[in-house]
Amino acid sequence: MSDELAQIRTVVDRETDFLCVAHKDADADSLGSALAFADHLTGLGKRAYVWVPDPLPLNLAYLPGYSAVNQFPAPPGAVAVAFDAGSPSRFGNLRPRLEAAPLTILFDHHASNEGFGDLSVVDRQAAATGVIIYRTLVAWGATISPAAATNLYAAIFTDTGGFRHDNTTGAVLRLGAELADLGADVAFVALKSYKSRPQTTLKLQAQAASAAHYEMEGRLIWTEVTQRMLGQAQALMEETEGIIDVLQSLDTMECAILFKEDGPDLTKVSVRTRGDLAAYELVSELGGGGHFRAAGAEVAAPLAAVRERVLGKARSMINREARD
Ligand SMILES: [Mn+2]
């Protein structure tokens, strides 16, 4: 067991109240990891309070334990445990709560991790934060309940794109099998992750796909979702999840970008890459971050301005790559 992990174990043994926090626009890796860790703490007789920044991720309502999320305020002295983010800004409206905690523990796997938290386990090679939580619980000799197994399986399954991204190693596949043996509901997670979309989501996806721009012989593909498009499809912004996957299914793609108009002066950017392009590099100067293959940013500027800046950089990165 690493030093850091042993120190975290000491804190877990000593303290009683824990505030487990997922990141903004929570995904199954972040919230699944938080719920699995909270399940472990509860099993030890501790009190664990799971919180996600607003808005609640309704698409994750299937995760075991979700009904208690954002329901019970943690006492001020609770130790904060944060999951799956490389910077404090990713915790949105809960950031002040994290910073006020007497002690903050972080579990993360982002390449862009800034090294925050009093104690942290950061493994940039891990396919998901769920992998780190699983290894942590195994190292501590913990019993993993079927509910925790389902949460960790959902974390790993979705962060590997359903075991399709190139972070899907033999070890990751074996870990999936181990979680299935521990009672993870594999078919249920697949159904809820990839086969449970409302009509509005499909309509929005179709609009975004037909509005896509193909540049540089299809090496760059990008599209946008505006407030007007949301109105036409009667969809919510959270239903844009999945559009970037459509873009990156293009055979010639090296860089796929989705721009989302969250408001007149708030734009979100999602990036996926293939080949030698680093996704996080594309968004780093916008204050974003992420992984080599997947990254994002949130910029306080109108969509048109952000789009021109990001596309300019993407084109030059692709050109640079072509020369190397
Ligand atoms: Mn993750």
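Everything discussed here concerns the structure shown above.
Residues numbered from 1 in each chain as written. Predicted model: local features only at pLDDT ≥ 70, side-chain atom pairs only at ≥ 80, totals over all residues. Heavy atoms only, no water.

(A) Spatial organisation of the overall build of the protein chain. A tally of regular secondary structure across the protein chain gives twelve helices and eleven strands. Relative to its length of 324 residues, the protein chain is compact, with a C-alpha radius of gyration of 20 Å against a globular reference of 20 Å. With the C-alpha coordinates aligned to their principal axes, the bounding extent of the protein chain is approximately 55 × 40 × 40 Å. Counting across all 324 residues of the protein chain, residues that qualify as buried make up 51%. Taking as baseline every contact in the protein chain between residues at least 6 positions apart, the subset at least 24 positions apart corresponds to 64%. Just so you have it, the protein chain exposes about 14,200 Å², and 52% of that area is on carbon and sulfur atoms. (Helix = DSSP H or I, 4+ residues; strand = E, 2+ residues; numbered from the N terminus. Rg over C-alpha atoms; globule rule 2.2 N^0.38 Å. Buried < 20%, exposed > 50% of the residue type's maximum accessible area, 1.4 Å probe, protein only. Contact = heavy atoms within 4.5 Å. Areas by Shrake-Rupley, 256 points an atom, 1.4 Å probe, with all protein chains shown as cover.)

(B) Representation of the coordination of the manganese ion. Those donors, Asp29 (OD), Asp84 (OD), His109 (NE2) and Asp159 (OD), are the protein atoms that reach the manganese ion, and they lie 2.1 to 2.4 Å from it. When the donors of the manganese ion are listed by position in the chain, the intervening gaps give D-x54-D-x24-H-x49-D. Here the residue Asp29 occupies a position in helix H2 (residues 28-43), and Asp84 occupies one in the loop between strand S3 (79-83) and helix H3 (95-100), the gap between them amounting to 55 residues. Taking relative accessible area as the criterion, Asp29 reaches 0% and is therefore assigned buried. Judged by its relative accessible area of 1%, Asp84 is buried. (Donors = N, O, S within 2.8 Å, 3.2 Å for Na, K, Ca; no water.)

(C) Just unusual backbone geometry, in detail. Of the consecutive residues Asp54 and Pro55, the connecting peptide bond is found in the cis state with omega at -5 degrees. On the secondary structure map, Pro55 appears in the loop between strand S2 (47-51) and S3. Even without a glycine there, the phi angle at Asp84 is positive, about 70 degrees.

(D) Structural detail: the sheet that holds strand S5 (residues 119-122). Across the sheet, which stays open at both edges, the five strands sit in the order S2-S1-S3-S4-S5 with parallel pairing between neighbours. Two strands bound the open sheet, and with one partner strand each, they are S2 and S5. The average angle at which neighbouring strand axes cross in this sheet is 15 degrees, direction not considered. Here strand S4 (residues 104-108) pairs with S5 via four bridges, running parallel. (Pairing = 2+ DSSP bridges. Axes fitted to C-alpha atoms, helices over the stretch in contact; angles between N-to-C directions.)

(E) Spatial organisation of the side chain of Thr104. The topology assignment puts Thr104 in strand S4. Excluding residues within four positions of it along the chain, Thr104 makes contact with Ala80, Leu98, Gly117, Asp118 and Leu119.

(F) Inspection of the pairing of strand S8 (residues 255-263) at higher detail. The buried count for S8 comes to seven of nine residues, which makes it a mostly enclosed element. Looking at chain direction, strand S7 (residues 220-225) and S8 are connected through six bridges and run parallel. Note on S8: the bridge partner recorded for Thr223 is Leu258. One ladder, built from eight bridges, connects S8 with strand S9 (residues 266-273); its direction is antiparallel. Residue pairing in the sheet places Lys260 in a bridge with Lys268 of S9. Taken together, S8 and the strand that follows it, S9, pair antiparallel across an intervening segment of two residues.

(G) Inspection of the side chain of Thr240 at higher detail. Relative to the helices and strands, Thr240 resides in the loop between helix H9 (227-233) and helix H10 (243-247). Discounting residues that sit within four places of it in the chain, Thr240 has contacts with Leu204, Val225, Leu258 and Lys260.

(H) Seen up close, the environment of Arg219. Among the structural elements, Arg219 can be located in the loop between strand S6 (213-215) and S7. Those residues in contact with Arg219, other than ones at most four positions away along the chain, are Thr252, Met253, Glu254, Cys255, Ile318 and Ala322.

(I) Layout of the packing of H2 against helix H5 (residues 146-159). Orientation of H2 relative to H5, taken along the N-to-C sense of each, is 160 degrees, at an axis distance of 8 Å. In terms of axis orientation, H2 runs roughly antiparallel to H5. When the axes of H2 and H5 are compared, the crossing they make is left-handed. Residues Ala28, Asp29, Gly32, Ser33, Leu35, Ala36 and Asp39 of H2 form the contact with H5, whose participating residues are Ala147, Ala148, Asn151, Leu152, Ala154, Ala155, Thr158 and Asp159. Per-class residue counts for the contact of H2 with H5 are eight nonpolar, four polar and three charged. (Parallel < 35°, antiparallel > 145°, perpendicular 65-115°, else oblique. Left-handed = near helix turned anticlockwise from the far one by under 90°. Nonpolar A, V, L, I, M, F, W, Y, C, P; charged D, E, K, R; others polar.)

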